[in-house]
Amino acid sequence: MEGMGRYALPTGTEYRRTLKDGLFDGEGELLFPNGGVYRAVWHRGVPTQGKYTFADGLEYKDKKWHYCDGYDRRFYTEICSGLIEPDISQLTNLDPPPEIPKGCYDCGDGFYDPETRVVVDYKFRFLRNADDEEHEWIIQTCRQAWDETSEPQPKP
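As a starting point, this report considers the structure included with it. (Residues numbered from 1 in each chain as written. Predicted model: local features only at pLDDT ≥ 70, side-chain atom pairs only at ≥ 80, totals over all residues. Heavy atoms only, no water.)

### Overview of unusual backbone geometry
Heads up, the rule is: Where helices and strands are cited, they refer to DSSP runs of H or I of at least four residues and of E of at least two residues respectively, numbered from the N terminus. Each residue's exposure class comes from its accessible area (1.4 Å probe, protein chains only) as a fraction of the maximum for that residue type: buried when under 20%, exposed when over 50%, partly exposed otherwise.
Of note in this structure, Arg 17 is not a glycine but carries a positive phi near 120°. With respect to the helices and strands, the residue Arg 17 is situated in strand S2 (residues 14-20). A residue is classified by how much of its surface remains accessible, and Arg 17, at 38% relative accessible area, is partly exposed. Within the chain, Arg 117 stands out as a residue other than glycine whose phi angle is a positive 60°. Residue classification places Arg 117 among the partly exposed positions, given a relative accessible area of 29%.

### Examining the pairing of S2
Heads up, the condition is: What makes two strands pair is DSSP finding at least two bridges between them.
Of the pairings in the sheet, the one linking strand S1 (residues 3-8) to S2 comprises 6 bridges and is antiparallel in character. The partner of Gly 3 across the bridge, within S2, is Leu 19. The antiparallel pairing of S1 with S2 creates a hairpin that spans 5 residues between the two strands, and Gly 12 there sits at a positive phi of about 100°. Judged from the 6 bridges that link them, S2 and strand S3 (residues 23-31) form a sheet pairing that is antiparallel. Its bridge partner lying in S3, Leu 19 is registered against Phe 24.

### Quick word on the sheet that holds strand S8 (residues 118-120)
Worth spelling out the cut-off: Whether two residues touch is decided by their heavy atoms; if any such pair falls within 4.5 Å, the residues are in contact. Comment: axis = line fitted to C-alpha atoms, over the contacting stretch for helices; angle = value between 0 and 180 degrees taken between N-to-C directions.
Strand order across the open sheet formed by 5 strands is S9-S8-S7-S6-S10, with antiparallel pairing between neighbours. Strands with a single pairing partner mark the edges of an open sheet, and in this sheet they are strand S9 (126-129) and strand S10 (143-144). Relative to S9, S8 is paired through 3 bridges, and the arrangement is antiparallel. Across the sheet, residue Val 118 finds its bridge partner in S9, namely Asn 129. Those strands touched by helix H2 (residues 132-141) are strand S6 (105-106), strand S7 (111-113), S8, S9 and S10, and its axis lies near 110° from that of S7.

### Details of the packing of aromatic side chains
The description of two aromatic rings rests on the distance between their centres and on the angle between their planes. Put simply, the test is: Put simply, two rings from Phe, Tyr or Trp (the six-membered ring, in Trp's case) pair if the centres are within 6.5 Å, and we call them stacked under 30 degrees between planes, edge-to-face over 60, tilted for the rest.
If you walk through the whole model with that rule in mind, you get 8 aromatic pairs. Taking 6.0 Å as the distance between ring centres and 90° as the angle between the ring planes, the aromatic pair formed by Tyr 15 and Trp 42 counts as edge-to-face. With Tyr 15 in strand S2 and Trp 42 in strand S4 (residues 37-43), the pair connects residues that are 27 residues apart, well separated along the chain. Among the residues examined, Trp 42 registers a relative accessible area of 7% and is labelled buried.

Shape is all these values report; function is a separate question.
Written as structure tokens, this is what we have:
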């Protein structure tokens, strides 16, 4: 493959722009199923410089990264649009947060099923199989679906 084109990976990620000898070469971008985009200059399949932008518009910086760094725990939408009312919790950057399927976890880029150890995106498309380390991290830190729901109770 050579010239301008598109290449679809089995994960749902798509590369667009220039190819040389079947490799990403020159300016090109990877479009991820979660809406993120990595724009880069490639040389023989390896990015020499690039920038990742999350689906919500937040640009990743590898130096001086101040987003969710321990001092400022706001979500990107809160930084851009301001905080919501104090009696309403914003649990994720997505507001309202996605409803987690029964028995699963919200691991940030999709849902994780601990029975199958599979992560799918928020549209239920396959992303990856979790290894033991990721499985433990998700179980210990991520939001889990509740077996039963409760309605807000009126104040007495």
